[in-house]
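Observations on the model geometry
The chain contents come next:
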Amino acid sequence: MPEGHTIHRLAARIQRLFVGQDWRVSSPQGPFTAGAARLNGRSPRRAEAWGKHLLVHLGAEIWHVHLGLYGSFGFRGDDTFVTADQLGQLRPVSRVREPAYDDTGWILPEAPQGAVRARIQVPHGWGDLRGPVKCRVLNSMQYETLVGRLGPDPLRQPTGEINPEMLMRFRNNLARRRSSIAAALMDQSVIAGVGNVYRAEALFVEGIAPDTPAAQLDPEQATTLWSTVTIQLRTGVREGVIRTLRPADPDHGLRGADLHRKWPAGGTGTEAARHHWVYRQQHTPCLRCGQTILMRQLQGRRLYWCPGCQTR
Ligand SMILES: [Zn+2]
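Residues numbered from 1 in each chain as written. Predicted model: local features only at pLDDT ≥ 70, side-chain atom pairs only at ≥ 80, totals over all residues. Heavy atoms only, no water.

In the nomenclature of an unreviewed UniProt entry, the protein chain corresponds to DNA-(apurinic or apyrimidinic site) lyase from the organism Nesterenkonia sphaerica. Check the Sequence similarities (unreviewed entry) section of the UniProt entry for the protein chain; it says "Belongs to the FPG family." (UniProt positions renumbered as here; feature names shortened; annotations may be inferred.)

Right, here's the structure in full:
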């Protein structure tokens with residue numbers, strides 16, 4: 001499932017490529033036809049992410065998208081469109097090699113492939129949304145209700161800062177939960193944007209046992225957990241992938257020689273591509289302590305952890 005970093009990148013991309021221009025919105029697959037008609041021909045004013053929710057504002061109406069487990073956006077456009085997508089350098093939007101334009105100067109989009117729930121278009125390119133769990137138009141009150149239910153999103157803190165108010169909300173949310181910390185981190189009303197990968201990796205880095213009751217974390221643990229999740233999510237936004245295992249970090253817990261053996265420079269094997277401490281590493285020895293990493297189901301999702309390192 002896309003985690004918060006993906007949605008924040010997506011919102012930034014829509015902000016760059018669509019906001020401030022008149023756009024055309026349609027629902028080639030059908031179910032969003034009425035909603036698309038409300039958005040069509042207008043000009044989006046702002047795109048934002050709140051946890052895993054994408055919200056595009058058009059005055060009093062807000063387009064709300066939640067990708068769920070399988071949803072995705074695909075973007076295509078001409079050179080102007082690709083150039084405007086500067087932040088997307090790692091995975092730039094797809095370039096149309098020989099674009100054609102209609103009489104009004106708008107690029108002629110290709111026929112939708114597969115089940116496209118919504119297509120958004122501006123003169124130089126378009127985006128296709130497939131497979132979301134939510135794609136609807138909200139009014140201001142519905143928007144307030146939605147975001148009011150969400151916990152603090154670490155990626156909504158000013159860059160490079162920890163917002164004390166948001167941290168306090170996170171700590172209070174944990175203190176009120178009866179569930180384990182592993183369950184609480186996946187609860188979007190406790191903290192918004194964390195998914196299965198960040199849950200596993202942040203708890204590992206902090207050495208917190210997944211079954212620890214959320215309410216039993218002391219203030220210091222909750223504070224460092226918030227900082228770690230913040231750092232991991234910000235790195236995810238910057239890099240476009242979740243890479244929580246950072247061999248270059250001085251505090252990765254491995255000596256240089258071990259490091260070289262496990263991640264040969266420029267290696268192309270699977271070891272070189274390993275990005276996670278515990279996520280999907282079950283049955284393998286922990287890189288810090290050597291104990292076998294475990295996996296089990298928790299509320300329908302896989303939970304990964306190291307019993308040797310995560311003891312607090
Ligand atoms: Zn370990």
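Still more ground to cover, so stick around.
**Observations regarding the nonpolar core**
The biggest cluster of nonpolar side chains holds 41 residues, and the ones touching the most others in it are Phe-170, Leu-174, Ile-181, Leu-185, Ile-191, Leu-225 and Val-278. Secondary-structure elements contributing two or more residues to this core are helix H5 (164–176), helix H6 (181–186), helix H7 (196–206), helix H8 (219–239) and strand S11 (301–305). Looking at which element gives the most residues to this core, the answer is H7, with six residues. Excluding anything up to four places from it in sequence, Phe-170 contacts Pro-152, Leu-185, Val-190, Ile-191, Ala-222, Leu-225 and Trp-226. Among the nonpolar cores identified, the runner-up in size contains 31 residues, and Ile-7, Ala-36, Leu-39 and Ala-49 belong to it. (Core = buried A, V, L, I, M, F, W, Y, C linked by side-chain atoms within 4.5 Å. Buried < 20%, exposed > 50% of the residue type's maximum accessible area, 1.4 Å probe, protein only. Helix = DSSP H or I, 4+ residues; strand = E, 2+ residues; numbered from the N terminus. Contact = heavy atoms within 4.5 Å.)

**Some points on the environment of Tyr-198**
With respect to the secondary-structure elements, Tyr-198 resides in helix H7. Its relative accessible area of 0% is what places Tyr-198 among the buried residues. Sequence-wise, Tyr-198 and Pro-307 are 109 residues apart; in three dimensions their C-alpha atoms are separated by 18 Å. Those residues within four positions of Tyr-198 in sequence are excluded, and the remaining contacts are Glu-3, His-5, Gln-232, Leu-233, Gly-236, Ile-242 and Thr-244.

**Considerations on the domain arrangement of the protein chain**
According to the domain assignment, the protein chain consists of domain 1 (4–149) and domain 2 (154–305). Listed per partner, the contact involves 13 residues of domain 1 and 18 residues of domain 2. Taken over both partners, the interface formed by domain 1 and domain 2 buries close to 1,200 Å², and the fraction arising from carbon and sulfur atoms is 57%. For the interface between domain 1 and domain 2, the tally reads one salt bridge. Residue Glu-48 pairs with Arg-156 through a salt bridge whose shortest N-O separation is 3.0 Å. (Domains from an automatic or database assignment. Buried area = accessible area lost by both parts, 1.4 Å probe. Salt bridge = Lys/Arg side-chain N within 4 Å of Asp/Glu carboxyl O.)

**With respect to the sheet that holds strand S4 (residues 61–66)**
Strand pairs in the sheet, formed through backbone hydrogen bonds, run parallel or antiparallel to each other. The strand order S2-S3-S4-S9 describes an open sheet built from four strands, whose pairing is antiparallel. The sheet terminates laterally at strand S2 (46–50) and strand S9 (134–138), the two strands that pair on one side only. Strand-to-strand, the axes of this sheet are offset by a mean angle of 20°, without reference to chain direction. As paired strands, S2 and strand S3 (residues 53–58) are joined by five bridges and run antiparallel to one another. Residue pairing across strands places Trp-50 opposite His-53, the latter belonging to S3. (Pairing = 2+ DSSP bridges. Axes fitted to C-alpha atoms, helices over the stretch in contact; angles between N-to-C directions.)

**Section: the pattern of salt bridges**
Overall, the coordinates contain 13 salt bridges when judged by the stated rule. Across the pair Glu-61 and Arg-42 runs a salt bridge whose closest N-O atoms are separated by 2.3 Å. With a gap of 19 residues between them, Glu-61 in strand S4 and Arg-42 in the loop between helix H2 (33–39) and S2 connect regions that are remote in the sequence. Judged by relative accessible area, Arg-42 falls into the partly exposed class, the value being 28%. If you follow the salt bridges from partner to partner, you end up with Arg-13, Arg-16 and Asp-85 in one network.

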